[in-house]
Amino acid sequence: MSAWWLLVPLAYLLGTFPTAHLVGRLVGHDPMSEGSRNPGATNMYRVAGRGAGALVLLGDLVKGLAPTLVALLLAGRPVAMGCAVAAVLGHIAPLTRRLRGGKGVATYGGVSLAMWSFAALGAVVLFLIVTKWSGRPSVGSLVAVPLLPVGVGIQVAFGSVRWWEPVMLAALAVVIVAMHWRNILRLARGEEARLPNVFTRRQATTS
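Residues numbered from 1 in each chain as written. Predicted model: local features only at pLDDT ≥ 70, side-chain atom pairs only at ≥ 80, totals over all residues. Heavy atoms only, no water.

In terms of helices and strands, the protein carries ten helices and zero strands. Counting helices and strands in the order they occur from the N terminus, the protein gives α-α-α-α-α-α-α-α-α-α. Here the C-alpha coordinates of the protein stretch approximately 50 × 35 × 30 Å along the principal axes. Buried residues in the protein amount to 44% of all 207 residues. Sequence separation of 24 or more characterises 67% of the internal contacts of the protein that already satisfy a separation of 6 or more. Total accessible area on the protein stands at roughly 10700 Å², and carbon and sulfur atoms take up 70% of it. The averaged location of the 6 negative side-chain charges in the protein is 2 Å from the averaged location of its 19 positive side-chain charges. (Helix = DSSP H or I, 4+ residues; strand = E, 2+ residues; numbered from the N terminus. Buried < 20%, exposed > 50% of the residue type's maximum accessible area, 1.4 Å probe, protein only. Contact = heavy atoms within 4.5 Å. Areas by Shrake-Rupley, 256 points an atom, 1.4 Å probe, with all protein chains shown as cover. Lys, Arg positive; Asp, Glu negative; His and termini not counted. Charge placed at Lys NZ, Arg CZ, Asp CG, Glu CD.)

Shown next, in the form of structure tokens:
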């Protein structure tokens, strides 16, 4: 086995990096005890404001993009795919925090930008449109995350990606959608809170 596969556990460790916890300490908010108690960008935005949410979003995205891109450049697509899966799982189920991680959307986006840039950009646009229309990032995620493997799968016909790439990406999408089970229940009951417009000035809220 190539020594490059050692990048995979390193990608997992990077995925466990506690972005929301560190940003929360900087701004005086604990994402694990406020709002939805989820260490993600949306919850940080709700409890601490736009800047804090943007920092968490960027940090979680880089956790996926950086190890996947490095592996892609140095070791090829199979190792990069391994790093992609490891980074997302590291964010969702960090051994360093008793498996209490986030939902993985931003990290999933980061690995996708590294490996399938055009499909990922399309998914980002779709996420923004659906989120703007619904006022709920969870809805944007539940639409864009499962559709991204479809976009990547189309590229298989053109020979630009291998058949197993959209299969593994779809498996990650299933995990991420499952992580949204509470959001799905709240949406079904009409109880999912809307997110204040990210483009307007607002006061931080703990609701």
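Picking up where we left off.
Even without a glycine there, the phi angle at Arg 37 is positive, about 60°. Examined against the element boundaries, Arg 37 turns out to sit in the loop between α2 (19-27) and α3 (41-48). Of note, Arg 98 is a non-glycine position whose phi angle comes to about 55°, a positive value. Looking at the secondary structure, you find Arg 98 in the loop between α5 (77-92) and α6 (105-115).

Moving on: the nonpolar core. Counting residues in hydrophobic clusters, the biggest one holds 30 residues, and the most contacted among them are Met 81, Cys 83, Val 88, Tyr 108, Trp 116, Leu 148 and Val 152. Elements represented by at least two residues in this core include exactly α1 (7-15), α5, α6, α7 (117-134), α8 (137-156) and α9 (164-179). Apart from the residues within four sequence positions on either side, Cys 83 is in contact with Leu 7, Val 8, Ala 11, Pro 67, Thr 68 and Ala 71. Counting residues in hydrophobic clusters, the runner-up holds seven residues, among them Ala 20, Val 23, Ala 41 and Val 47. (Core = buried A, V, L, I, M, F, W, Y, C linked by side-chain atoms within 4.5 Å.)

Distances and angles like these do not, on their own, reveal function.
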